[in-house]
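# Fold and geometry: a report
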Amino acid sequence: MTFSKVLVANRGEIAVRVLRACRELGVETVAVYSDVDRKSLHVRFADEAYPIGPAPSAQSYLRMDTLIEVAKKSGAQAVHPGYGFLSENADFAQMCAEEGLVFIGPSPDAIRRMGDKGVARATMKAAGVSVVPGTEGEHQLRDEQLLAEAEKIGFPLLIKATAGGGGKGMRTVSAMEEMPSAIQSARRESKAAFGDDNVYLEKMIEKARHIEIQVLADQHGNVIHLGERECSIQRRHQKLLEEAPSVFVMDDEAFRQRMGAVGVLAAKAVGYVNAGTVECLVDENKNFYFLEMNTRLQVEHPVTELVTGVDIVFQQIRIAQGYPLPFGQEDIRMRGWAIECRINAEDPFNQFFPSTGVVSEHDVPTGPGVRVDTGVFGGCTITPHYDPMISKLICYGETRDQAVRRMRRALAEYHILGVASNIPFHQTLLQDARFLAGDFDTRFVENQFSMESVAGDLETHPEIAAILATLVAHQETERSAHIERDCGDGTSNWKRKGRWKQMGR
Ligand code: MV4
């Protein structure tokens, strides 16, 4: 079935990303927006846009009934969920199907089986994929059973929520006497977050890297992988920088293909269709273990797009339309290096405290090897209602060194005024000897990295600030004298700009 219209059930940069893919496919688009998002970029990028409720996600972007109603009213045949919100909600995928809408993603059954991490582990183990040693089976375990299992597994170990993922409801336990209280608190956190207090145990893999495999599967049984992404640079389970390939895999093509084969096996084990990501832990000896599968498009998908040349979102839509993958595994090669910095509205000099308010200026870098995916523009407001990401800055180079140099150059070109950003964090990281040497694991940012030496230099210089402010004001005046070339359709640029500003269209 070819789509003539797609509804994008998301906001921000990922909604814009999906809308762009639709435009390139010649598919009409429908955006949805909460009250505070009426003037958002994703609304401007779509052919039609509908209000779906107040700012809190639970009353807008998470309202399945409203989204389906809008999809049907607008005449869309398919729904793209983006990431977050309803993207991994099996009930939503099922509801779409029941209402005759194509959910651009895997089947409700595949989402469910990967959504329960205990079931996912058992399924993978049965398929011959190596999982971290730990509790087995799909059933719920009582406290006494968990204690007995912990004895067998040994310490340190991790208690994880079966309904969790991404580190929520996770506890590290280093000795038996900590178990009872750790089980209680993990259960409590999981119950509060997911309405389910079931947990399982895994031996803790130390000094592990967090590497993930991108897979693509069509409706005709073709499953391929697009290589790995290195995701170890994170803080409190929030990824900050991702790269493809991983320095740890580098040009060990045999290792890459072994990991890729595991990704393909995992997808096949649940009859997976569309784009998905298999998260692995890789230890110092290149042993790797299945952790979980994310049944959605991921934030960091652009690094894979740049090194493989595959437009993942374009392929997602094609797959949902029923087309077979236009290439096979043998056609996929990773060429060059890509790095993504997540630019967040948070203050790296104040424990990454979130920063909200009006983004008065947003000057994004461009030039060779630079891509910026964003939903932010000068004059927009960052609210506390949604995630704090301002943009994704992605740089490509023939080598890791060139990608790093381009990223440093791009970060220096990047100017955000009005809210604090973590750009200084990235600038510091990209000068760090350990990072540059590829000598890091998942604990790096929290344990071996500090912004303090940089913060120490941050004296205030009011005179310099005054001179800069004058220069900026002067530059602004000069800039306003430059006139855009008109687009040839007879509409005046002033009219277009005014309409854009006032109507948000
Ligand atoms: C682990 C692990 C070590 N051993 N499992 C974190 C997010 C979720 N997807 C799985 N995670 C981990 N699971 C075993 N058996 C290490 C992580 C992990 C991590 C743990 C503590 C602090 C930071 C971390 C960052 C990435 C991954």
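Presented here is a report on the structure given in the accompanying data block.

The rules behind these values
- Every chain begins its residue count from 1, and numbering advances along the sequence as written.
- Two thresholds apply to this predicted model, a pLDDT of at least 70 for residue-level local features and 80 or more for giving and counting side-chain atom pairs, whereas whole-chain, interface and lining totals are computed over all residues.
- With hydrogens and water set aside, each side-chain value is computed from the structure's full complement of heavy atoms.
- What makes a residue near a molecule or strand is one non-hydrogen atom of that residue sitting within 4 Å of it.
- Throughout this description, a polar contact denotes any pair of N or O atoms lying within 3.5 Å of each other; where both atoms belong to protein, one of them has to be capable of donating a hydrogen while the other can accept it, and for residues adjacent in sequence the pair is counted only when both atoms sit in side chains.
- Strands here are runs of E lasting at least two residues and helices are runs of H or I lasting at least four, both read from the DSSP assignment and numbered beginning at the N terminus.
- For this text, the term disulfide refers to a pair of cysteine sulfurs within 2.5 Å.
- We call a residue buried when its accessible area falls under 20% of the maximum for its residue type, exposed when it is over 50%, and partly exposed in between, using a 1.4 Å probe and counting protein chains only.
- Ring pairs shown here join Phe, Tyr and Trp side chains whose ring centres sit within 6.5 Å, with only the six-membered ring taken for Trp; geometry is labelled stacked below 30 degrees between planes, edge-to-face above 60, and tilted in between.
- Placement of a positive charge over a ring is assigned whenever Lys NZ or Arg CZ falls within 6 Å of the ring centre and within 35 degrees of the normal to the ring plane.
- Only strands that DSSP links by at least two bridges are regarded as paired with each other.
- Contacts are assigned to residue pairs with any non-hydrogen atoms lying within 4.5 Å of each other.
- Every angle, taken between N-to-C directions, lies between 0 and 180 degrees, and every axis is a line fitted to C-alpha atoms, over only the stretch in contact when it is a helix.
- Charged residues are defined here as Lys and Arg on the positive side and Asp and Glu on the negative side; His and the ends of the chain fall outside this count.
- Definition used for salt bridges: Asp or Glu carboxyl oxygen within 4 Å of a side-chain nitrogen of Lys or Arg.
- Each angle receives one of four descriptions, namely roughly parallel if under 35 degrees, roughly antiparallel if over 145, roughly perpendicular if within 65 to 115, and oblique otherwise.
- Crossing handedness is defined as follows: a turn of the near helix away from the far one that is anticlockwise and smaller than a right angle gives a left-handed crossing, while the clockwise case is right-handed.
- In this classification, the charged set is Asp, Glu, Lys and Arg, the nonpolar set is Ala, Val, Leu, Ile, Met, Phe, Trp, Tyr, Cys and Pro, and all remaining amino acids, among them Gly, are polar.
- For a helix, the expected span equals 1.5 Å multiplied by the number of residues minus one.
- Grouping buried Ala, Val, Leu, Ile, Met, Phe, Trp, Tyr and Cys residues that are joined through side-chain atoms within 4.5 Å yields what is termed a nonpolar core.

## Regarding the site of the ligand
The environment of the ligand is formed by 19 residues, the closest being Lys160, Glu202, Lys203, Ile205 and Glu279. Within the contact set of the ligand, a nitrogen atom lies 2.7 Å away from a backbone nitrogen or oxygen of lysine 203. Within the contact set of the ligand, a nitrogen atom lies 3.0 Å away from a side-chain nitrogen or oxygen of glutamate 279. Only strand E6 (157–161), strand E8 (199–203), strand E12 (274–282) and strand E13 (288–294) provide two or more residues apiece to the shell around the ligand.

## Some details on the state of the cysteines
In this structure the tally under the stated criterion is 0 disulfides. No disulfide involves cysteine 231; its nearest neighbouring cysteine sulfur is the one of cysteine 280, lying 11 Å away. A residue is classified by how much of its surface remains accessible, and cysteine 231, at 0% relative accessible area, is buried.

## Section: the packing of aromatic side chains
Enumeration according to the criterion identifies 10 aromatic pairs in this entry. Each ring, one from tyrosine 61 and one from tyrosine 386, has its centre 5.6 Å from the other, and the planes form 80°; the classification is edge-to-face. Of this pair, tyrosine 61 sits in the loop between strand E3 (48–53) and helix H3 (64–74) while tyrosine 386 is found in the loop between strand E20 (381–382) and strand E21 (389–397), placing the two residues 325 residues apart along the sequence. Considering the side-chain rings of phenylalanine 435 and phenylalanine 440, the 5.6 Å spacing of their centres and the 20° angle between planes classify their relative orientation as stacked. Three or more aromatic residues joined by ring pairs make a cluster, and in this case those are Phe352, Phe425, Phe435, Phe440, Phe444 and Phe449. Taking the ring centre of phenylalanine 440 as reference, the NZ or CZ of arginine 209 above it sits at 4.8 Å. Seen from the ring of phenylalanine 435, arginine 400 lies directly overhead, with NZ or CZ sitting 4.6 Å from the centre.

## Some points on the pairing of E13
Most of E13 sits out of view: 7 of its 7 residues are buried. As paired strands, E12 and E13 are joined by 6 bridges and run antiparallel to one another. In the strand pairing of E13, leucine 281 is matched with tyrosine 289. Hairpin connection between E12 and E13: a loop of 5 residues separates the two successive antiparallel strands, and lysine 286 in this loop has a positive phi of roughly 65°.

## Thoughts on the side chain of asparagine 294
Along the polypeptide, asparagine 294 turns up in strand E13. For asparagine 294, a relative accessible area of 4% puts it in the buried group. The residues touching asparagine 294, leaving out its near neighbours within four places in the chain, are Glu88, Tyr272, Gly276, Thr277 and Glu279.

## Remarks on the sheet that holds E6
If you walk across this open sheet you meet the 3 strands as E7-E6-E8, and the pairing is antiparallel. The open sheet is flanked by strand E7 (171–173) and E8, the only strands paired with a single partner. Strand-to-strand twist in this sheet, taken as the mean axis angle between neighbours without regard to direction, amounts to 25°. On top of the sheet, helix H7 (residues 143–153) reaches E6 and E8; it is set at about 10° to E8, its chief contact. Contacts from helix H8 (residues 179–194) reach E6, E7 and E8 within the one sheet, and its direction differs from that of E6 by about 25°.

## As for the side chain of aspartate 218
Examined against the element boundaries, aspartate 218 turns out to sit in the loop between strand E9 (209–217) and strand E10 (223–235). Although aspartate 218 is buried, it forms no salt bridge, and the closest oppositely charged side chain is lysine 268 at an N-O distance of 9.8 Å. Within the local environment of aspartate 218, its side chain forms a polar contact with the backbone nitrogen of glycine 221, the two atoms lying 3.2 Å apart. Discounting chain neighbours no more than four positions away, the residues touching aspartate 218 are Val273, Ile319, Tyr323, Pro324 and Leu325.

## Quick notes on the environment of asparagine 350
If you trace the backbone, asparagine 350 turns up in the loop between strand E15 (346–347) and strand E16 (353–354). As for asparagine 350 and valine 247, which are separated by 103 residues in sequence, their C-alpha atoms are 30 Å apart.

## Remarks on the packing of H3 against helix H4 (residues 90–98)
Between H3 and H4, whose axes approach to 11 Å, the crossing angle comes to 30°. It follows that H3 is roughly parallel to H4 by the angle criterion. Both H3 and H4 take part in a crossing whose hand is right-handed. Contacts between H3 and H4 pair Met64, Asp65, Leu67 and Ile68 from the former with Asp91, Phe92, Met95 and Cys96 from the latter. Taken together, the residues of the contact of H3 with H4 break down into 6 nonpolar, no polar and 2 charged.

## As for the environment of histidine 42
Along the chain, the position of histidine 42 falls in helix H2 (residues 41–45). Given a relative accessible area of 2%, histidine 42 falls into the buried group. With residues up to four places along the chain from it excluded, the contact list for histidine 42 reads Asn10, Arg11, Gly12, Ala15, Val16, Leu19, Ala31, Val32, Tyr33, Asp37 and Tyr61.

## Quick look at helix H1 (residues 12–25)
Helical geometry note: an α-helix holds 3.6 residues per turn, so side chains three or four residues apart project in the same direction. With 14 residues, H1 extends 20 Å between its outermost C-alpha atoms, agreeing within 8% with the 20 Å of an ideal straight helix rising 1.5 Å per residue. Counting buried positions along H1 gives 10 out of 14 residues, so the element sits mostly inside the fold. Within H1, burial applies to Gly12, Glu13, Ile14, Ala15, Val16, Arg17, Val18, Leu19, Ala21 and Cys22. Glycine 26 sits one or two residues past H1 and shows a positive phi near 75°.

## Remarks on the nonpolar core
In terms of nonpolar packing, the biggest core is built from 40 residues, with Ile233, Ile343, Ile390 and Leu393 touching the most fellow members. Of all the secondary-structure elements, those providing two or more residues to this core are strand E11 (238–244), strand E14 (337–344), strand E19 (370–374), E21, helix H12 (400–413), helix H13 (423–429) and helix H15 (444–448). Among the elements that make up this core, the one with the highest residue count is H12 (5 residues). Beyond its immediate stretch of four places on either side in the chain, isoleucine 233 contacts Lys239, Leu240, Leu241, Leu429, Phe435, Phe440, Phe444 and Val445. Grouped together as the second largest cluster of nonpolar side chains are 31 residues, Ala31, Tyr83, Leu216 and Leu297 included.

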